[in-house]
Amino acid sequence: MALISYDDTDAAAFAASRELARSGLKRWRYAVQQHLRPRTGSTLLDVGAGTGAWAHAFTDWYGVRVLAVEPAAAMRDRCAHRPLLAGDATALPLATSGFDGAWLSTMVHHVADLDAMARELRRVLRPGAPVLIRSPFPGRHQRITLFHWFPEAVRVLETYPSLARVRAAFADAGFPVSTVEPVAQITAGSLAECADRMDRRAHTPLQLITDAEYAAGMARLRAAADSAHGPVVDHLDLLVLR
Ligand SMILES: C[S@@+](CC[C@H](N)C(=O)[O-])C[C@H]1O[C@@H](n2cnc3c(N)ncnc32)[C@H](O)[C@@H]1O
């Protein structure tokens, strides 16, 4: 079971406030291309695809076929990308194998059994195909804006699986080689836009702090937004396992 429900309310908030403008994702486009080496006809799995924004982007950017897998009905209802399957990372609804890569964006912390997920990905990927994980990891939050304004959310992040834990699960399943790099994205055009779009229902770490902590963080964010200039740039990690 995921850390938050991904019911209709969460899914609506996610669709409204978490999807990023493609113009802010140039570094992600380049970084994924470097590791995936996509070719026309390559097939990619997007596991925990949510509303399908990444599946859609990879289809457009690289001309690959992306199969999206998502367990939450409310997220699938808001996903226009096809093909789309209902399914869980720990029991992928796939009889076939030979996929050329897997993309797991901001979802590993929701998976209760990382070892089962890693074994499932080993089963369905061709030898040498990469698993690409985009995630915040414990201890590596310093360049993510949300944790600056809501420092109490760091305590939630500390409960997420560590980089070492994820690497170990995948190494045991037959992905012995890994690299990690922070990748920049433009999360909002300005701090004011970031404040306007902020919705705790769309962020697991903000759902799991107290109401008072959230209110205090919003007050800090709004006060700072009055005098801030320039875009909000965040760095999440890209962990690649083969
Ligand atoms: C923060 S959202 C990220 C959605 C999408 N990957 C993105 O980056 O836009 C996390 C997603 O993981 C999904 N999820 C939760 N538990 C999962 C599991 N065990 N297997 C696959 N997906 C899961 C949720 O339903 C939700 O759609």
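Up top is the structure these notes are about.
Thresholds applied
Residues numbered from 1 in each chain as written. Predicted model: local features only at pLDDT ≥ 70, side-chain atom pairs only at ≥ 80, totals over all residues. Heavy atoms only, no water. Helix = DSSP H or I, 4+ residues; strand = E, 2+ residues; numbered from the N terminus. Rg over C-alpha atoms; globule rule 2.2 N^0.38 Å. Buried < 20%, exposed > 50% of the residue type's maximum accessible area, 1.4 Å probe, protein only. Contact = heavy atoms within 4.5 Å. Areas by Shrake-Rupley, 256 points an atom, 1.4 Å probe, with all protein chains shown as cover. Lys, Arg positive; Asp, Glu negative; His and termini not counted. Charge placed at Lys NZ, Arg CZ, Asp CG, Glu CD. Right-handed = clockwise from strand over helix to strand, strands pointing away. Pairing = 2+ DSSP bridges. Phe/Tyr/Trp six-rings, centres within 6.5 Å; stacked < 30°, edge-to-face > 60°. Lys NZ or Arg CZ within 6 Å of the ring centre and 35° of its normal. Salt bridge = Lys/Arg side-chain N within 4 Å of Asp/Glu carboxyl O. Axes fitted to C-alpha atoms, helices over the stretch in contact; angles between N-to-C directions. Parallel < 35°, antiparallel > 145°, perpendicular 65-115°, else oblique. Left-handed = near helix turned anticlockwise from the far one by under 90°. Nonpolar A, V, L, I, M, F, W, Y, C, P; charged D, E, K, R; others polar.

### Some remarks on the overall build of the protein
Regarding its fold elements, the protein presents eleven helices and seven strands. The C-alpha atoms of the protein give 17 Å as radius of gyration, which agrees with the globular expectation for 242 residues (18 Å, within 12%). In terms of its C-alpha atoms, the protein occupies a principal-axis envelope of roughly 50 × 35 × 30 Å. Buried residues in the protein amount to 53% of all 242 residues. When contacts within the protein are restricted to residue pairs at least 6 apart in sequence, those whose partners lie at least 24 apart make up 76%. Carbon and sulfur atoms provide 53% of the accessible area of the protein, an area that totals close to 10700 Å². Of note, the protein has its 27 positive side-chain charges centred 8 Å away from the centre of its 25 negative side-chain charges.

### Overview of the pairing of strand β2 (residues 65-70)
Extensive coverage of β2 is indicated by the burial of five of its six residues. Regarding topology, helix α3 (residues 53-62) serves as the crossover connection from strand β1 (residues 43-47) to the parallel β2, and that connection is right-handed. Alignment of β2 against strand β3 (residues 84-86), held across three bridges, turns out to be parallel. Each residue of the ladder has a partner; that of Ala-68, found in β3, is Leu-84.

### Side note on the pairing of strand β5 (residues 131-135)
The buried count for β5 comes to five of five residues, which makes it a mostly enclosed element. By the alternation rule, side chains of β5 split into Val-131, Ile-133 and Ser-135 and Leu-132 and Arg-134, which are all buried. Note on the crossover from strand β4 (residues 101-105) through helix α5 (residues 114-124) to β5: the handedness is right-handed. Strand direction decides the pairing type here: β5 and strand β7 (residues 232-241), joined by five bridges, are antiparallel. Looking at the pairing, Arg-134 lines up with Leu-238 of β7.

### With respect to the packing of aromatic side chains
Under the counting rule described, the total for this entry stands at ten aromatic pairs. Centre to centre, the rings of Trp-54 and Phe-58 are 5.9 Å apart; their planes meet at 45 degrees, and the pair counts as tilted. Taken together, the residues Trp-54 and Phe-58, both in helix α3 and four residues apart, mark about one turn of the helix. Accessibility assignment for this pair places Trp-54 and Phe-58 in one class, buried. With 6.0 Å between their ring centres and 65 degrees between their planes, Trp-61 and Tyr-62 make a pair best called edge-to-face. By way of ring pairs, the aromatic residues Trp-28, Trp-54, Phe-58, Trp-61, Tyr-62 and Trp-103 are connected into one cluster. A cation over a ring is seen here: Arg-122 above Phe-175, with NZ or CZ 4.2 Å from the ring centre.

### As for the pattern of salt bridges
Overall, the coordinates contain twelve salt bridges when judged by the stated rule. Residue Asp-100 is joined to Arg-126 by a salt bridge in which the shortest nitrogen-to-oxygen separation is 2.7 Å. One end of the pair, Asp-100, is in the loop between β3 and β4; the other, Arg-126, is in the loop between α5 and β5, and 26 residues separate them in sequence. Judged by relative accessible area, Arg-126 falls into the partly exposed class, the value being 32%. For Arg-197, the salt bridge is made with Glu-193, and the minimal N-O distance between the two is 3.3 Å. Of the two residues, Arg-197 and Glu-193 both sit in helix α9 (residues 191-197), four residues apart, roughly one turn of that helix. Overall, Arg-197 belongs to the partly exposed group, its relative accessible area being 26%.

### Focus: the packing of α5 against helix α8 (residues 163-173)
Viewed as axis vectors pointing N to C, α5 and α8 meet at an angle of 45 degrees, and their least axial separation amounts to 8 Å. Here α8 runs oblique to α5, going by the angle between their axes. Considering how the two elements wind past one another, α5 and α8 form a crossing that is right-handed. When α5 is examined against α8, the residues Leu-114, Asp-115, Met-117, Ala-118, Arg-119, Leu-121 and Arg-122 are found in contact with a partner set consisting of Arg-165, Val-166, Ala-169, Phe-170 and Ala-173. Of the residues belonging to the contact of α5 with α8, the class tally is eight nonpolar, no polar and four charged.

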